Amino acid sequence: MGSAVAHIGFAVMLIGAVISAGTSKVISVNDSDEHYDKDFAKVNNPRENIFLYKNTPIKMGDYTVTYVGDSIAAPDHFLRLITNALMQPAK
């Protein structure tokens, strides 16, 4: 009985992972003239990354994001962002 429950749980987890991967959407689309170096482009899609300048709001999907600073607590690097949801017009 226990192995059947474990297999069902694993199958549900895999189904959730497939659905999650299939419904992801990039909101940081680079429409600017900013260019990344060739080494970055080999590993990442430059159109899916945006430069964030300090204290300059930028639109990402349904949000406005402002980079306000960062900090390092080895081995992690943390970015401080302010996010605001864009208002939808009333219907």
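Residues numbered from 1 in each chain as written. Predicted model: local features only at pLDDT ≥ 70, side-chain atom pairs only at ≥ 80, totals over all residues. Heavy atoms only, no water.

**Q** With reference to specific residues and values, describe the pairing of strand E3 (residues 76-85).
**A** Relative to E3, strand E2 (residues 63-73) is paired through 10 bridges, and the arrangement is antiparallel. Counterpart to Tyr63 in the pairing with E3 is Ala85. Linking two consecutive strands that pair antiparallel, namely E2 and E3, is a turn of two residues. (Pairing = 2+ DSSP bridges. Helix = DSSP H or I, 4+ residues; strand = E, 2+ residues; numbered from the N terminus.)

**Q** Would you mind going over the side chain of Thr66 in detail, with residue names and values included?
**A** The topology assignment puts Thr66 in strand E2. Not counting residues up to four positions away in its chain, the partners in contact with Thr66 are Asn55, Thr56, Pro57, Arg80, Leu81 and Ile82. (Contact = heavy atoms within 4.5 Å.)

**Q** I'd love a proper account of the confidence of the model for the protein, names of residues and values included.
**A** Note that predicted coordinates carrying low pLDDT should not be read in detail. Averaged over every residue, the pLDDT of the protein is 81; the share at 70 or more is 82%. Per-element averaging of pLDDT across the protein places helix H2 (residues 38-43) at the bottom with 66 and E2 at the top with 90. (pLDDT = per-residue confidence, 0-100.)

**Q** Got a sec to walk through the environment of Lys59? Specific residues and values, please.
**A** In this structure, Lys59 sits in strand E1 (residues 58-60). Lys59 sits 30 residues away from Val29 along the chain, and the two C-alpha atoms are 9.6 Å apart. The residues touching Lys59, leaving out its near neighbours within four places in the chain, are Thr64 and Leu86. A polar contact of 2.9 Å, which involves the side chain of Lys59, links it to the backbone oxygen of Gly61. (Polar contact = N/O pair within 3.5 Å; in protein donor to acceptor, adjacent residues only side chain to side chain.)

**Q** Provide a residue-level description of the pairing of E2, including the pertinent values.
**A** Both E1 and E2 contribute to a ladder of three bridges, which runs antiparallel. The residue of E2 that forms the bridge with Ile58 is Val65. Hairpin remark: E1 followed by E2, antiparallel, with two residues in the connecting loop; positive phi at Gly61, about 60°.

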